[in-house]
Amino acid sequence: MTELQNLPMRSWLFAPGDSEKKMAKAADSAADIVLLDLEDAVAAENKPVARELVHGLLASRASGHERLWVRVNPLDGDWTLHDLAAVMPARPGGIMLPKARGRHDVERLDHYLSALEVANGIEPGSTPVIALVTETAEAMFTTGDYKGAPRLMALSWGAEDLADSIGAASNRNADGSYGFTYELARSLCLLGAAAAGVAAIETIQGDFRDLDGLKARAEKVRRDGFAGMLAIHPAQVDVINAAFTPSEEELTEAQAIVDLFAAHPGAGTIGYKGGMLDRPHLSRAMQLLARAGRG
């Protein structure tokens, strides 16, 4: 998955799997990754048709499959294997696993994907996975267990299904911000991703018209350590891409820090612009350059 590891992961745009028009529009958008959705966006009675439509969309695209992923249904239900059997022959770029309960769910998905890759002439192990890791109460306790999980490239979190799981009337405070439990879910996702050495992806913003609010939130979570964000509407993509793209000023500053430490090998701390830099500053500068393809 060497090439996939360099795939931009700023914006992840959902498109309902039972709408040819919306899937095509998403695939033609500027989203880094498109998530063709067979789960929440599709009613139970429409799932068989949606599988056929998702397969058709994938099969109709001669190139760019690495950015066309599929969200399958969760492993605690009856539909996951039906989803995978329908879409894997068309070679999706990756799979989103919703309601992951822990590392064991990713390992189980890996077994399914390994068999289907062989059956369809796909390079073994080449289909990556993003897991949604906070959508149930039990899953909150396993967010730190994903290190070394096969195929895993990213973790994301969800607030709506979590609220449903615990019987909450709302996941918001009076001012519109997330309540404590949901901020905890966000933090556990971020920490779990860091522990696993994979990207952390912020959850959706439901109000797709509030682009100013989206910009502020995306910029904040990027500062917190997230690498990208889920989107539910094409209008959100450009805002998310911009928020998660380092500015030239940031890149110049990062390169200056790297160069400074390179000029003083073995130094633990170095004076810089009236302050002191230490090794964590160097690490963050190197990570920023690597994400921008300059590392």
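Residues numbered from 1 in each chain as written. Predicted model: local features only at pLDDT ≥ 70, side-chain atom pairs only at ≥ 80, totals over all residues. Heavy atoms only, no water.

Looking at the overall build of the protein chain
The condition that has to hold: Counting from the N terminus, the helices are DSSP H or I runs at least four residues long and the strands are E runs at least two residues long. Relative accessibility under 20% of the residue-type maximum defines a buried residue, over 50% an exposed one, and the middle range a partly exposed one, all with a 1.4 Å probe and only protein chains included. Pairs of residues are marked as contacts when any of their non-hydrogen atoms sit within 4.5 Å. Computed with the Shrake-Rupley method and a 1.4 Å probe, the accessible areas treat only the protein chains shown as cover for residues.
When helices and strands are counted, the protein chain shows 11 helices and 10 strands. Going through the 295 residues of the protein chain one by one, you find that 48% of them count as buried. Across the protein chain, every contact between residues at least 6 apart in sequence was considered, and the portion connecting residues at least 24 apart equals 67%. Entry remark: accessible area of the protein chain is about 13,900 Å², with carbon and sulfur atoms responsible for 54%.

Considering the sheet that holds strand β7 (residues 199-202)
Here is the rule we go by: Should DSSP find at least two bridges between two strands, the strands are taken to pair. Geometry is summarised by axes, namely lines fitted to C-alpha atoms with helices restricted to the contacting stretch, and by angles between N-to-C directions that run from 0 to 180 degrees.
If you trace the eight strands once around the closed barrel, you get β1-β2-β3-β4-β5-β6-β7-β8, paired in parallel fashion. Across the sheet, the mean angle from the axis of one strand to that of its neighbour is 25 degrees, orientation sign disregarded. Relative to strand β4 (residues 94-97), strand β3 (residues 68-71) runs parallel, the two sharing three bridges. Bridge pairing links Val70 to Ile95 in β4. Taken strand by strand, helix α2 (residues 20-27) contacts β1 (11-16), β2 (33-37) and β3, and its axis lies near 165 degrees from that of β1.

Details of the side chain of Lys99
Rule in force here: Under the rule applied, a polar contact is a pair of N or O atoms within 3.5 Å (in protein, one hydrogen donor and one hydrogen acceptor; residues adjacent in sequence only if both atoms are side-chain atoms).
Inspection of the secondary structure assignment puts Lys99 in the loop between β4 and α5 (103-119). Within the structure, Lys99 has its side chain in polar contact with the side chain of Asp161 (distance 3.4 Å). Not counting residues up to four positions away in its chain, the partners in contact with Lys99 are Glu39, Asp40, Pro74, Asp105, Leu132, Glu135, Thr136 and Asp161.

Focus: the layout of surface pockets
Stated formally: In this analysis, the protein atoms alone were mapped onto a 1 Å grid. Cavities are point sets where a 1.4 Å probe fits without being able to get out; pockets are open sets with protein on both sides within 12 Å along at least five of seven lines; lining residues have an atom within 4 Å of a point. Grid points are joined across faces, edges and corners, and a volume is the space filled by probe spheres set on the points. Three categories are distinguished: nonpolar for Ala, Val, Leu, Ile, Met, Phe, Trp, Tyr, Cys and Pro, charged for Asp, Glu, Lys and Arg, and polar for the others, with Gly belonging to the last.
Approximately 590 Å³ is the volume attributed to the second largest pocket. Taken together, 27 residues line the second largest pocket, and the ones lying closest to its centre are Phe14, Asp37, Ala41, Ile204 and Ile232. Of all the secondary structure elements, the ones that give two or more residues to the lining of the second largest pocket are β1, α2 and α6 (160-166). Here the lining of the second largest pocket takes four residues from α2, the largest share from any one element. In terms of residue class, the lining of the second largest pocket is made up of 13 nonpolar, four polar and 10 charged.

Considerations on helix α8 (residues 211-224)
Worth spelling out the cut-off: To estimate how far a helix should extend, the number of its residues minus one is multiplied by 1.5 Å.
For α8, spanning 14 residues, the distance from its first C-alpha to its last is 20 Å, which sits close to the expected 20 Å at 1.5 Å a residue. Contact partners of the buried residues in α8: α7 (180-196), β7, β8 (228-231) and α9 (237-243). Just downstream of α8 lies Gly225, where phi reads positive at about 125 degrees.

As for unusual backbone geometry
Non-glycine residue Arg91 carries a positive phi angle of around 60 degrees. Within the secondary structure, Arg91 is located in the loop between α4 (80-87) and β4. One non-glycine residue with positive phi stands out, namely Lys99, at about 50 degrees. Taking relative accessible area as the criterion, Lys99 reaches 17% and is therefore assigned buried.

As for the pattern of salt bridges
Stated precisely, the cut-off is as follows: By definition, a salt bridge exists where a carboxyl oxygen of Asp or Glu is found within 4 Å of a side-chain nitrogen of Lys or Arg.
The full count for this structure, using the stated rule, is 16 salt bridges. Asp37 is the partner of Arg71 in a salt bridge, and the nearest nitrogen-oxygen pair spans 2.7 Å. Here Arg71 is found in strand β3, whereas its partner Asp37 is found in strand β2, with 34 residues between them in sequence. A residue is classified by how much of its surface remains accessible, and Asp37, at 2% relative accessible area, is buried.

Some words on the nonpolar core
The condition that has to hold: Remark: nonpolar core denotes a set of buried residues (Ala, Val, Leu, Ile, Met, Phe, Trp, Tyr, Cys) joined through side-chain atoms within 4.5 Å.
Core analysis: the largest hydrophobic core is formed by 62 residues, its most contacted members being Leu36, Val70 and Leu155. The element best represented in this core is α7, accounting for six residues. Those residues in contact with Leu36, other than ones at most four positions away along the chain, are Ala15, Met23, Val54, Leu57, Leu58, Trp69, Val70 and Arg71. Phe14, Met96, Ile201 and Leu230 belong to the second-largest nonpolar core, a separate cluster that totals 15 residues.

Focus on the packing of α4 against α5
Selection rule: Any angle that falls under 35 degrees is termed roughly parallel, while one over 145 is termed roughly antiparallel, one within 65 to 115 roughly perpendicular, and all others oblique. The handedness criterion is simple: a crossing whose near helix is rotated anticlockwise from the far helix by less than a right angle is left-handed, and one whose near helix is rotated clockwise is right-handed.
Here α4 crosses α5 at 30 degrees, and the two axes come no closer than 11 Å. Considered as vectors, α4 and α5 are oriented roughly parallel to each other. Handedness of the α4/α5 crossing: right-handed. Residue-level contacts link Leu81, Leu84 and Ala85 of α4 to Leu109, Tyr112, Leu113 and Leu116 of α5. In terms of residue class, the contact of α4 with α5 is built from seven nonpolar, no polar and no charged.

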